[in-house]
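Residues per chain are reported as follows:
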Amino acid sequence: MLFSSCIAALAVLTAEVSATIFYAGVAESSGEFGVWSATSTPGTGLPGRFGVDYSFIDKKGIDTYVDTNHVNLFRIAFLLERMCPLSYGLGAKFNETHFDLYADAVNYITKTKGAYCILDPHNYMRYNNPSQQPMTGSVIGNTSDVTAATTAQFGAFWGELAKRFMGNEKVIFSLMNEPHDMPTDLVLANNQAAVTAIRKSGAKQLILAPGNSWSGGHSFTQSWAGYSPSSSVALANLKDPLNNTAIDIHEYMDSDFSGTHKECASSGPAGLKDVTAWLKASGLKAMVTEFGASNGTQCATYLTDMLNYMSSNPEYIGWTAWAAGPFWGTNSACCTDSAQWGSLEPGSKASDGSPGMYETVWLKTIQPLLPKKLVWSGMSSVKGGALTTKPKH
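Residues numbered from 1 in each chain as written. Predicted model: local features only at pLDDT ≥ 70, side-chain atom pairs only at ≥ 80, totals over all residues. Heavy atoms only, no water.

1. Section: the state of the cysteines
The criterion, for reference: What counts as a disulfide here is a pair of cysteine sulfur atoms lying within 2.5 Å. Numbering of helices and strands runs from the N terminus; a helix is a DSSP stretch of H or I covering at least four residues, while a strand is a stretch of E covering at least two. Residue burial is assigned from relative accessible area. The probe radius is 1.4 Å, only protein chains are included, and a residue is buried under 20% of its type maximum, exposed over 50%, and partly exposed in between.
Scanning all chains against the criterion turns up 2 disulfides. Each sulfur of the disulfide joining Cys264 and Cys299 lies 2.1 Å from the other. When the S-S torsion is 115°, as for the bridge of Cys264 with Cys299, the disulfide is right-handed. Residue Cys264 is located in the loop between strand E8 (245–250) and helix H8 (268–282), and its partner Cys299 is located in helix H9 (residues 297–312); the two are separated by 35 residues in the primary sequence. Here Cys334 engages in a disulfide with Cys335; their sulfurs sit 1.7 Å apart. With the S-S bond torsion at -40°, the cross-link from Cys334 to Cys335 turns out left-handed. Numbered in order of appearance, the disulfide-bonded cysteines of the chain are paired 1-2, 3-4. Cys84 carries a free sulfur, and the closest cysteine sulfur to it, the one in Cys117, is 18 Å from it. Overall, Cys117 belongs to the buried group, its relative accessible area being 0%.

Here it is in structure tokens:
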């Protein structure tokens, strides 16, 4: 009887721990496509042809993820240079045609399908030349670069974008994808300008704030020449009057944490250990908006350990795996050493016609560990909300 009671208590505890994941799903990558230039020529592919050079989502793919897989979160990439053309400069003036196309994708996810959506400016804290991302473009806020957009302009951009989505409680504002090779204090200054502008607009939704060094969780508490202070030291000073900001973390499991290699060599739990301790000590939450691994059997354990780690540590409120997207074709977004094994897009195929990574990685390894209950209603929040199975439409 006593043993049975212990087992029952353990089951309840396990359910409570796993319930710390409120939002879970996949990143949608294709909105940043179509700008590559071998000669780094500014303006290449801008504004681009929607549906030819770039796109945001395939609605049928979203349907599959929500209706069949029961995910409640998507992260949609876009380029600042398309939203705010170079002729305007970064700020509150948008290309309205481009905004409407993006808003259509966001609204399909949030209003038609009832899921949550992360807005993802996929710019590496740079603006004006995405022709060889992630390295080209002027660092936002770099006062020694006369061509760089200012911190104030970055704030103005976010104030405008937040105002336009203020009435959509299922939107999440991710301030920037993977800042790198810049002063960490400037990352903080840009983050703070954006948070201040978002709250001034009246928007109350969840904000995700990145650190430096590609948003890497494994390096978040570290500092070295060119990356000083650490992201943890800098972002401890970030202020949100609504206390509805979480830390945005990326963590890959290959040898250099880049997400480009097929061999898994870096344990997710080991890589996140120090940042998890910092989050706990600071009373903060985080969302891992990029992680992934190849479809090799060797990587399945790494992915399983990563997903279980996030579910068992209440500092993590959600995740999006990298990546699906309508324009990947047989190419792979992650972890293949350039082999064409397909992507996480439903229906994806490898170059040899075999099943793509949606089947070999998502369905095989990730889907079984997707929480059965997630948040399906209410304002996006670090505190989550009522956990339920997917509502029937």
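Still more ground to cover, so stick around.
2. Quick look at the nonpolar core
Applied cut-off: For the purposes of this section, nonpolar cores are sets of buried Ala, Val, Leu, Ile, Met, Phe, Trp, Tyr and Cys residues that join through side-chain atoms within 4.5 Å.
Residues Tyr316 and Trp319 are the most contacted members of the largest nonpolar core, which totals 97 residues. Examining the composition of this core, we find that 7 residues originate from one element, helix H4 (residues 96–112), more than from any other. Counting residues in each nonpolar core, the second largest holds 13 residues, with Phe22, Ile118, Ala246 and Val375 among its members.

3. Structural notes on the pattern of salt bridges
Spelled out, the test is: Salt bridge, as used here, is a side-chain nitrogen of Lys or Arg placed within 4 Å of a carboxyl oxygen of Asp or Glu.
Applying the stated criterion to the full structure yields 12 salt bridges. Between Asp63 and Lys113 there is a salt bridge, with the nearest N and O atoms lying 3.3 Å from each other. Of the two residues, Asp63 sits in helix H2 (residues 59–68) while Lys113 sits in the loop between H4 and strand E3 (116–121), which places them 50 residues apart along the sequence. Judged by its relative accessible area of 22%, Asp63 falls in the partly exposed class. With its nearest N and O atoms 3.0 Å apart, the salt bridge here joins Asp274 to Lys273. A relative accessible area of 39% means that Asp274 is categorised as partly exposed. You can call Lys273 partly exposed: its relative accessible area is 49%. Taken together, the shared-partner salt bridges in this structure form one network comprising Asp63, Asp67, Lys113 and Lys390.

4. Looking at the side chain of Asn123
So the rule is basically this: Here a polar contact is recorded for every N or O atom pair within 3.5 Å, except that within protein the pair must consist of a potential hydrogen donor and a potential acceptor, and residues adjacent in sequence are included only if both atoms are side-chain atoms. Only heavy atoms enter the contact rule, under which two residues are in contact if any of them lie within 4.5 Å.
By the element assignment, Asn123 lies in the loop between E3 and strand E4 (126–127). For Asn123, the side chain forms a polar contact with the main-chain nitrogen of Leu80, separated by 2.9 Å. Beyond its immediate sequence surroundings of up to four residues, Asn123 is in contact with Phe78, Leu79, Leu80, Glu81, Gln133, Met176 and Asn177.

5. Observations regarding the sheet that holds strand E7 (residues 207–210)
This is how it is decided: We call two strands paired when DSSP finds no fewer than two bridges between them. To get an axis, a line is fitted to the C-alpha atoms, and for a helix only the part in contact is used. The angle between two axes follows their N-to-C directions and goes from 0 to 180 degrees.
Strand order in the closed barrel formed by 8 strands is E1-E2-E3-E6-E7-E8-E9-E10, with parallel pairing between adjacent strands. Within this sheet the neighbouring strands show an average axis-to-axis angle of 25°, counted without direction. Here strand E6 (residues 171–174) pairs with E7 via 2 bridges, running parallel. Bridging from a neighbouring strand, Ser174 pairs with Leu208 of E7. With respect to the sheet, H4 is in contact with strand E2 (73–78), E3 and E6, its orientation differing from that of E3 by roughly 155°.

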